[in-house]
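Observations on the three-dimensional arrangement
Now for the letters of each chain:
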Amino acid sequence: MSTTPAQTTTTKAPAAPEAPTAAPATPKTTPPPSGAAPAATPAPGPQQHRTPPLLTPLGLLTVLLGAALPLIDFFIVNVALPTIDADLRAGPAMLEMVVAGYGVAYAMLLVLGGRLGDMVGRRRLFLWGLAAFGVTSLACGLAPDAWTLVAARIAQGAASALLLPQVLATIQATTTGKRRARALSLYGGTAGVSSAVGQVLGGLLVSVDLAGTGWRAVFLVNVPIAAAAWLLAARTVPETRSPHPTRVDAPGTALLAATLITLLLPLTEGRAAGWPLWSWLLLAVFPVAAAAFVRVERRAERAGRTPLVPPSLLRIPSVSSGLTMIVPFTLGFGGFMFVIAVALQNGLHYGPFTAGLSLAPLCLTFFVASLAGPRLVLRFGRRVVLAGSMIQGTGLILLALTVYAGWPGISVAALAPGMAVLGFGQGMVLPVLLRIVLSELPAAQAGVGGGVMVTTQQSGMALGVATLGTLFLSLLPSVGIRDALLAALLTQLAIVAGTTLLSLRLPRTLR
């Protein structure tokens, strides 16, 4: 659907033709052409800024729905993995590829998705991303074998990378002041809750077995939701783009992809494959690729070009301090969601629905805390993050004590207090961190800044699945599920202690 004039930030009405300079004393009596500017108004310059379009409440709801879909889908398969294995005879390595293929493609292309939105229009990329996400979800749901499912999941991750960066960029470009603070808080709440909701919804869909679809329903459910979101977005989301779009940084894009692949792929697949030679070779290439990426980006910026990830962006205090804390936070969060799904089903023998239901208290308290975030930040500043980290640590201790004392007869109700405290602490941290990163970001860099932030968030979650997941699965044969789970929880507790210290580097107040 084409954009309307009110939705476009770069289009302007044509200027009125000027009277000939040779006959100034004889004004023309012919009325100016329709749409011309009044004679008293100076002709606008080529880069004159027009009042940005406003994002309506329904438009905000629509983009948040678009943000929820990729985040839900990262985790929705966790509780469905046993049934996928039984149906497709996938095996451990292929099951990890179902998770890792999506995550690696998603993280690898997020910054590029943000840059493309700046160039061709964020609403347009949002619509393309929704359409591609719906089609690839259908392909996942109809996959006849494990290899086809992995290929469809990789394509689904690429579609998500087109979709998600446009959400933050649109919020940045179409809101200001308190409206922006509330929108970013809702985005942060959506980002956290969606991860847990994914496993709750996945467990429900697998257990209900709609029309005999089994695990396939966790993908097929995306199709009507994406279609509805597309129709809403076409009507309610305004078009925005960067006033100074730049070309795609091909060398930077290739090197970022190489950096993420050489780190995430061996960490997620190495254990299941028995740590073959290729996994060690890729890990050896990782620091070389990362150093080359940094050098190429610095050189591009010094030459006056716009790199994929501008180094100057990372020198903004709010960006650097916020991203530094997002990495360990999302690492612990992503690892926890994977480990708890496996432990509840294989250790406590919960069914998919019960395993998902056990995370409902976390979802609820996370969302409540995220809604309270804007008011708390105005009063207490960065101390909100400090307090949230400490509450999160308390929740992990409660869960560890519950597992240690009650295994293997732990009920959903027994897990609820620890889950609720953990979710409340996380809800006080993540939305505020996202707001901090974006608080000093120039409007022209909203797309690339949002892409960098979401890439960091997604890479951290994928790294958490790889590291904490590998730790947990490696300990299973020797110590059993209970002690392996305890080791993972205590490792996450140590990570939370680190994030608590990092919170002291955050800006004292937020804009």
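Reading guide: rules and limits
Residues numbered from 1 in each chain as written. Predicted model: local features only at pLDDT ≥ 70, side-chain atom pairs only at ≥ 80, totals over all residues. Heavy atoms only, no water. Salt bridge = Lys/Arg side-chain N within 4 Å of Asp/Glu carboxyl O. Helix = DSSP H or I, 4+ residues; strand = E, 2+ residues; numbered from the N terminus. Core = buried A, V, L, I, M, F, W, Y, C linked by side-chain atoms within 4.5 Å. Buried < 20%, exposed > 50% of the residue type's maximum accessible area, 1.4 Å probe, protein only. Contact = heavy atoms within 4.5 Å. Axes fitted to C-alpha atoms, helices over the stretch in contact; angles between N-to-C directions. Parallel < 35°, antiparallel > 145°, perpendicular 65-115°, else oblique. Left-handed = near helix turned anticlockwise from the far one by under 90°. Nonpolar A, V, L, I, M, F, W, Y, C, P; charged D, E, K, R; others polar. Expected span 1.5 Å × (residues − 1). Bend = angle between axes of the 7 residues up to and from the residue. Polar contact = N/O pair within 3.5 Å; in protein donor to acceptor, adjacent residues only side chain to side chain. Phe/Tyr/Trp six-rings, centres within 6.5 Å; stacked < 30°, edge-to-face > 60°. pLDDT = per-residue confidence, 0-100. Patch = residues over 30% accessible without salt bridge, like charges linked within 9 Å, V, L, I, M, F, W, Y side chains within 5 Å. Areas by Shrake-Rupley, 256 points an atom, 1.4 Å probe, with all protein chains shown as cover.

1. Observations concerning the pattern of salt bridges
Where charged atoms from two side chains of opposite charge approach closely, those side chains can pair. In the structure shown here, the tally under the stated rule is 5 salt bridges. Arg216 is paired through a salt bridge with Asp87; the nearest N and O atoms lie 3.8 Å apart. Within this pair, whereas Arg216 is found in the loop between helix H6 (177-208) and helix H7 (217-220), its partner Asp87 is found in helix H2 (residues 81-88), the two being separated by 129 residues in sequence. One salt bridge in this structure joins Asp118 and Arg122, with 2.7 Å as the shortest N-O distance.

2. Remarks on the nonpolar core
Burial of nonpolar side chains together is a common tendency in soluble globular proteins. One finds Leu164, Tyr187, Phe336 and Leu485 to be the most contacted residues of the largest nonpolar core, which totals 115 residues. A per-element tally of this core places helix H17 (residues 446-502) first, with 18 residues. Excluding anything up to four places from it in sequence, Leu485 contacts Val339, Ile340, Ala343, Val403, Trp407 and Phe472. Listed in part, the 26 residues of the second largest apolar core include Ile76, Val77, Ile84 and Ala143.

3. Some remarks on the packing of helix H14 (residues 360-380) against helix H16 (residues 412-439)
Where H14 contacts H16, the axes come no closer than 7 Å and their chain directions differ by 40°. On the basis of their axis angle, the class for H14 and H16 is oblique. Between H14 and H16 lies a crossing of right-handed hand. Residue classes in the contact of H14 with H16 are distributed as 17 nonpolar, 5 polar and 1 charged.

4. Details of helix H9 (residues 250-269)
Between the first and last C-alpha of H9 there are 27 Å, a value that for 20 residues agrees with the 28 Å anticipated at 1.5 Å per step. Bending of H9 peaks at approximately 25° at the position of Ile261. Regarding H9, the residues found buried are Gly252, Thr253, Leu256, Ala257, Thr259, Leu260, Thr262, Leu264, Pro266, Leu267, Thr268 and Glu269. Two to three positions downstream of the cap, the backbone nitrogen of Gly252 sits 3.1 Å from a side-chain oxygen, assigning the N-cap of H9 to Asp249.

5. Here we look at the packing of aromatic side chains
Inspection of every chain in the model, using the stated rule, returns 4 aromatic pairs. An angle of 55° between the planes, with centres 5.5 Å apart, marks the rings of Tyr102 and Tyr106 as tilted. Of this pair, Tyr102 and Tyr106 both sit in helix H3 (residues 91-120), separated by 4 residues, roughly a single helical turn. Across the pair, exposure class does not vary: Tyr102 and Tyr106 are buried alike.

6. Side note on the side chain of Thr499
For Thr499, the location among the structural elements is in helix H17. One polar contact links the side chain of Thr499 to the main-chain carbonyl oxygen of Val496, over a distance of 2.7 Å. Aside from chain neighbours lying at most four places away, what touches Thr499 is Met325, Pro328, Phe329 and Ser389.

7. Some words on unusual backbone geometry
With an omega of 5°, the peptide bond between Trp407 and Pro408 qualifies as cis. Looking at the element boundaries, Pro408 is found in the loop between helix H15 (383-406) and H16. Unlike most non-glycine residues, Trp275 shows phi in positive territory, near 50°. Mapped onto the secondary structure, Trp275 falls in the loop between H9 and helix H10 (277-302). Given a relative accessible area of 30%, Trp275 falls into the partly exposed group. For His349, which is not glycine, the phi dihedral falls at a positive 60°. Among the structural elements, His349 can be located in the loop between helix H12 (317-347) and helix H13 (352-357).

8. Overview of the packing of helix H1 (residues 57-76) against helix H8 (residues 222-236)
A pair of packed helices can be characterised by two numbers: the angle between their axes and the separation between those axes. At their nearest, the axes of H1 and H8 sit 9 Å apart, and the two run at 150° to each other. In terms of axis orientation, H1 runs roughly antiparallel to H8. In this structure, H1 meets H8 at a crossing whose hand is left-handed. Across the interface between the two elements, Leu58, Gly59, Thr62, Leu65, Leu69 and Asp73 of H1 pack against Asn222, Ile225, Ala226, Ala229, Leu232, Ala233 and Thr236 of H8.

9. Considerations on the environment of Thr190
Inspection of the secondary structure puts Thr190 in helix H6. In this structure Thr190 comes out as buried when scored by relative accessible area, which is 14%. Sequence separation between Thr190 and Phe367 is 177 residues; the distance between their C-alpha atoms is 7.6 Å. Residues within four places of Thr190 in sequence aside, it is in contact with Leu64, Ala68 and Leu71.

10. Examining the side chain of Thr500
Tracing the backbone through its elements, the reader meets Thr500 in helix H17. When neighbours within four sequence positions are excluded, Thr500 is seen to be in contact with Leu386, Ser389 and Met390.

11. A look at the environment of Leu64
Position of Leu64 among the secondary structure elements: in helix H1. Classification of Leu64 by relative accessible area gives buried; the value is 10%. Linking Leu64 and Ala229, residues 165 residues apart in sequence, is a C-alpha distance of 9.8 Å. Dropping the residues within four chain positions of it, Leu64 is found in contact with Leu186, Tyr187 and Thr190.

12. Concerning the confidence of the model for the protein
The predicted model of the protein has a mean per-residue pLDDT of 82, with 88% of residues at 70 or higher. Helix H4 (residues 122-141) holds the highest mean pLDDT among the elements of the protein, 95, whereas H6 holds the lowest, 80. For the stretch residues 1-49, pLDDT sits under 50, and the model shows 42 contacts to residues farther than four places along the chain or on other chains.

13. Focus on the environment of Glu96
The topology assignment puts Glu96 in helix H3. Residue Glu96 is classed as buried on the basis of its relative accessible area, which comes to 15%. Along the primary structure Glu96 and Val150 are separated by 54 residues, whereas in three dimensions their C-alpha atoms are 9.4 Å apart. Other than its neighbours up to four places away in sequence, Glu96 contacts Gly101, Thr268, Glu269, Arg271, Ala272 and Leu473.

14. Structural notes on a nonpolar patch on the surface
A cluster of nonpolar residues, Leu204, Val208, Leu210, Phe353 and Leu357, forms a patch on the protein surface that exposes about 400 Å² of accessible area. Going through the elements one at a time, H6 and H13 are the ones with two or more residues in the nonpolar patch. Mapped onto the fold, Leu210 is located in the loop between H6 and H7. A relative accessible area of 44% means that Leu210 is categorised as partly exposed.

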